[in-house]
Amino acid sequence: MALNLFEDKGCPLEKQRFTWKELVQPPISKLDDDAFTRVRVILMNGIEMEAIRFSHGCARMNKELQLPLAQLRIVEQHQATMVNGLIGADHSMLETTIGYEQVAIEVTAVVAQNEPDPYLAQVYRFGMLEDFDHLYRYSAMLDRLEGKDANNITQCYTDIVPGRPTVIEHRAPQDNLREHYDRSRAAPITKLNALTIMSAEQQTQNFYLNVAPLYADPVVRQLYVEIASIEEQHVTQYESIIDPHETWLEKWLLHEANEVYNYYGCVQQESNPRIKAIWERCLDYELGHLQVAMNMFKQYERRDPAEVLPGELPEPIKYESQREFVRQVLNQEVDLRALGTQFVDKSQEGEASQQYRAQLNSSGSPTDTVSAGYQWWPGTEIVRGKEMAFKEEYAADTETIR
Amino acid sequence: MEKTTVLGKNRTGIDMSPIDAKEMMALAKITPSSSTGDEQAIAEMRSQYIREAEVIGSIPPPGTLKGMASTAMEKLTGKNPEVFIDKLGCRLAFERAGVRLYDALITKCAASSNGSIVPIERLREFRNEELEHFKLVERAIRSIGADPTAQTPSADVDGMASIGLVQVLTDPRTSVAHCLEAILIAELADNDAWQLLIMLTEKMGMDDMARDFQNALREEDEHLAHIRQWFKQMVMEDAAVVT
Ligand SMILES: [Fe+2]
Ligand SMILES: [Fe+2]
Ligand SMILES: [Fe+2]
Ligand SMILES: [Fe+2]
Ligand SMILES: [Fe+2]
Ligand SMILES: [Fe+2]
């Protein structure tokens, strides 16, 4: 069934209710569920978090919208809660992190291919190679800290090798801004892509900042801190591709439409029937939100929402391994660097980013440290590992303890 | 009895996707890491932080030094009472947390259809004994003028170590056998810690206290033996082999 944003009215806002029990449902199985189910959970939590954040920003700037925003926002809050709670507590924080990077790789790779604007497609490929590297760094950490294989999370969908090395991803702020699409000319999918990836990156940045101090090991803390700094750059990059001339109400419409678009893709592709029912419920709720936002748009802007939204939704994001595409981009674009809003070969990188990075890395780079000599292998690097050298004559001492 | 370990669609492991796995391994093999070395690099960063680290916290000075029973005072002079206070505080915290671990285990067994081999009444008894031990240590701490409501560094560190046990015991998806294993870890550590504490108490010259602690240890021995036995039995029955 194709969804029509103007005709499918969804669940009316006043009927969107939860109980605490509904907000805390049984989580997915880390072991048995498909990795893409976790990918969808992580992505949709990010999208809900952005819905909340945007709504607060909008309320702070628009007195007359405060009540309808508040009425919707509490639903977004509860959706975020319900979705985020689907990650089981048997995930260590690093394991969840591996899931976050898998989202950033696989979803951004699809978006890069769906994006009709060639410049923006390049922006996505550029960011994707950086998150690709993060997966490798965190995998090394998971192996060397907890003795676990990251591939048990990613389930062979995603390669685990270095990308654009994180140590050189640090850039001066002016090299993190990009050019934005034009609100009046951009295709609807362009707007949805930008919102989706920005939301995912923002949640990732937020998550890493929260997780870093939960680890006792300063090595893990440094690792999260270094990568969180890149995720902040990613948020900066992706928010800058969105046209800042869109009105508040236009942005609100697009946010709700993007929630509809993404839940629709989840519903279509979910393999776990219980989780699918959650996506269906959320889709129905988002269609209801969109109705409210469209009414506000008509009332305050005296414009037809069809000027901003397409009737029929674009093709949903495909949840399947993008291995071949990612490898191709890795081969061709790993040496790209950002200079202002443009991408150049590493030989042409600007002074500012080089200086910024040299200072930040002057006491070493945690991403390099944790993955020194690391090559992923099924069952962890220990499978191919050598024994630690030790002196037998000292080891014999333990006899006297017994 | 219901099986708690089931065959199903576990998607971890490379046998689930042999073709993809081969591709991944081929790429990993030919892709060098971007920095040389090995896990020693992590050890070096950790070492640097270890050398710069401060202690996790301190022992509160006995608040009522002047109120401290003079006999206790005499016995502790010339020794390091802070170590004794730290370990007493640790035992207190562990026993108190143990009550909560048993609360969770009792709920798990009562709610689970395959908890039948574990007599819940026995678990309640163990739970109450942990509570008794908590009170025993509380009195002991008070008797030397220290504050039983303070959290000592060893208590704090034991709490860190136990977080995983709490998670296992309260996850609705874990089986009774999983939870018995978690409690077994706790009881093994508990048992050893009581032995150490008794030795320390004797060396501190607190003979009456040490005798009370011996009684607690006897009950802990019982806990350990039973938990170990139930756990073993459940695993064997689940595997359809006789014990
Ligand atoms: Fe929402
Ligand atoms: Fe990342
Ligand atoms: Fe990112
Ligand atoms: Fe919404
Ligand atoms: Fe105990
Ligand atoms: Fe016990």
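Looking at an unreviewed UniProt entry, one finds chain B named Ferritin-like domain-containing protein and attributed to Nitrosospira multiformis.

For chain A, an unreviewed UniProt entry supplies the name Rubrerythrin and the organism Nitrosospira multiformis.

## With respect to the overall build of chain A
Helix and strand counts for chain A stand at 15 helices and 2 strands. In terms of overall dimensions, chain A is globule-like: its C-alpha atoms have a radius of gyration of 23 Å, near the 21 Å expected for 402 residues. With respect to the principal axes defined by its C-alpha atoms, chain A has extents near 85 × 55 × 40 Å. Of all 402 residues assigned to chain A, the portion counted as buried reaches 61%. Look at the contacts in chain A between residues 6 or more apart in sequence, and 86% of them connect residues 24 or more apart. Roughly 16,300 Å² of accessible area belongs to chain A as shown, and the carbon and sulfur atoms make up 53% of that amount. Once the 39 positive and 62 negative side-chain charges of chain A are each reduced to a mean point, those two points are 3 Å apart.

## Focus: the pattern of salt bridges
Residue and element names in this part refer to chain A. The final tally for this structure, using the stated rule, is 36 salt bridges over all chains. A salt bridge links R137 to D368; the nearest nitrogen and oxygen atoms lie 3.6 Å apart. Of the two residues, R137 is situated in helix α5 (residues 118-146) and D368 in helix α13 (residues 366-370); the sequence distance between them amounts to 231 residues. The residues R137 and D368 share a single accessibility class, namely buried.

## Focus on a nonpolar patch on the surface
On the surface, B:I56, B:V157 and B:M160 cluster together into a nonpolar patch covering about 280 Å² of accessible area. Among the structural elements, B:I56 can be located in the loop between α2 (40-52) and α3 (70-76).

## A word on the coordination of the iron ion (ligand 6)
Residues and elements named next belong to chain B. Within the protein, E130 (OE), E187 (OE), E187 (OE), E220 (OE) and H223 (ND1) serve as the donor atoms for the iron ion (ligand 6), at 2.0 to 2.3 Å. The sequence pattern describing where the donors of the iron ion (ligand 6) fall on their chain is E-x56-E-x32-E-x2-H. Between the iron ion (ligand 6) and the iron ion (ligand 5), a spacing of 3.3 Å is present, and a bridge between the two is formed by E130. With E220 and H223 both in helix α8 (residues 207-238) and 3 residues apart, this pair spans about one turn of that helix. Each member of the pair, E220 as well as H223, is classed as buried.

## A closer look at the coordination of the iron ion (ligand 5)
Summarising the metal site, the iron ion (ligand 5) is bound by the protein donors B:E95 (OE), B:E95 (OE), B:E130 (OE), B:D190 (OD) and B:E220 (OE), whose distances to it range over 1.9 to 2.5 Å. Donor residues for the iron ion (ligand 5) sit on one chain with the sequence pattern E-x34-E-x59-D-x29-E.

## Here's the deal with the interface of chain A and chain B
A common way to express how large an interface is: the accessible area buried when the components associate. Contacts between the two partners involve 48 residues from chain A, matched on the other side by 32 residues from chain B. For the pairing of chain A and chain B, the buried interface totals around 3,400 Å² over both sides, and the portion due to carbon and sulfur atoms is 59%. Along the contact surface separating chain A from chain B lie 5 salt bridges. Between A:D90 and B:R173 there is a salt bridge; the shortest N-O distance is 2.9 Å. Applying the counting criterion to the chain A and chain B interface returns 18 residue pairs in polar contact (both at pLDDT 80 or more). Elements that contribute at least two residues to the side of chain A that touches chain B include exactly α5, α6 (151-154), α8 (218-240), α11 (323-333) and α13 of chain A. Along the lines of polarity and charge, the residues of the side of chain A that touches chain B split into 22 nonpolar, 11 polar and 15 charged.

## Description of the nonpolar core
A:V107, A:Y124, A:Y224, A:W252, A:W279 and A:L309 are the most contacted members of the largest nonpolar core, which has 121 residues in total. Here this core gets 14 residues from one element, more than from any other, and that element is α5(A). In terms of nonpolar packing, the next biggest core, distinct from the first, is built from 26 residues, B:F94, B:C109, B:A186 and B:I227 among them.

## Focus on α8(A)
Residue and element names in this part refer to chain A. For α8, which comprises 23 residues, the first-to-last C-alpha distance of 33 Å matches the rise-based estimate of 33 Å (1.5 Å per residue) to within 8%. The element α8 is largely enclosed, with a buried count of 17 among its 23 residues. At the N-terminal boundary of α8, the capping side chain belongs to D217, with an oxygen 2.9 Å from the backbone nitrogen of V219.

## Quick notes on unusual backbone geometry
All names here are of chain A. Unlike most non-glycine residues, C156 shows phi in positive territory, near 65 degrees. Of note, C156 is situated in the loop between α6 and α7 (188-211). Residue class for C156 comes out buried when judged on its relative accessible area of 0%. The backbone of R302 sits at a positive phi, close to 55 degrees, despite the residue not being glycine. The residue R302 is located in the loop between α10 (273-301) and α11 in this model.

## Things to note about the layout of surface pockets
Quantified by volume, the largest pocket comes out at close to 1,200 Å³. Around the largest pocket, the lining is made up of 40 residues, and of these A:D90, B:D171, B:R173, B:T174 and B:H178 lie nearest the centre. Secondary-structure elements contributing two or more residues to the lining of the largest pocket are α6 (153-170), α7 (176-203) and α8 of chain B. In terms of residue count, α7(B) provides more of the lining of the largest pocket than any other element does, 6 residues in total. When the residues that make up the lining of the largest pocket are grouped by side-chain class, the tally is 13 nonpolar, 14 polar and 13 charged. Of the pockets and cavities examined, the second largest pocket occupies roughly 480 Å³. Considering the residues around the second largest pocket, the lining is formed by 15 residues, among which A:E381, A:G385, A:K386, B:D38 and B:E39 are closest to the centre. A class-by-class count of the residues in the lining of the second largest pocket yields 3 nonpolar, 5 polar and 7 charged.

Procedures and definitions
- Residues numbered from 1 in each chain as written.
- Chains lettered and ligands numbered in written order.
- Predicted model: local features only at pLDDT ≥ 70, side-chain atom pairs only at ≥ 80, totals over all residues.
- Heavy atoms only, no water.
- Helix = DSSP H or I, 4+ residues; strand = E, 2+ residues; numbered from the N terminus.
- Rg over C-alpha atoms; globule rule 2.2 N^0.38 Å.
- Buried < 20%, exposed > 50% of the residue type's maximum accessible area, 1.4 Å probe, protein only.
- Contact = heavy atoms within 4.5 Å.
- Areas by Shrake-Rupley, 256 points an atom, 1.4 Å probe, with all protein chains shown as cover.
- Lys, Arg positive; Asp, Glu negative; His and termini not counted.
- Charge placed at Lys NZ, Arg CZ, Asp CG, Glu CD.
- Salt bridge = Lys/Arg side-chain N within 4 Å of Asp/Glu carboxyl O.
- Patch = residues over 30% accessible without salt bridge, like charges linked within 9 Å, V, L, I, M, F, W, Y side chains within 5 Å.
- Donors = N, O, S within 2.8 Å, 3.2 Å for Na, K, Ca; no water.
- Buried area = accessible area lost by both parts, 1.4 Å probe.
- Polar contact = N/O pair within 3.5 Å; in protein donor to acceptor, adjacent residues only side chain to side chain.
- Nonpolar A, V, L, I, M, F, W, Y, C, P; charged D, E, K, R; others polar.
- Core = buried A, V, L, I, M, F, W, Y, C linked by side-chain atoms within 4.5 Å.
- Expected span 1.5 Å × (residues − 1).
- 1 Å grid on protein atoms, 1.4 Å probe; cavity = no way out; pocket = protein on both sides within 12 Å on 5 of 7 lines; lining within 4 Å.
- Points joined across faces, edges and corners; volume = space filled by probe spheres on them.

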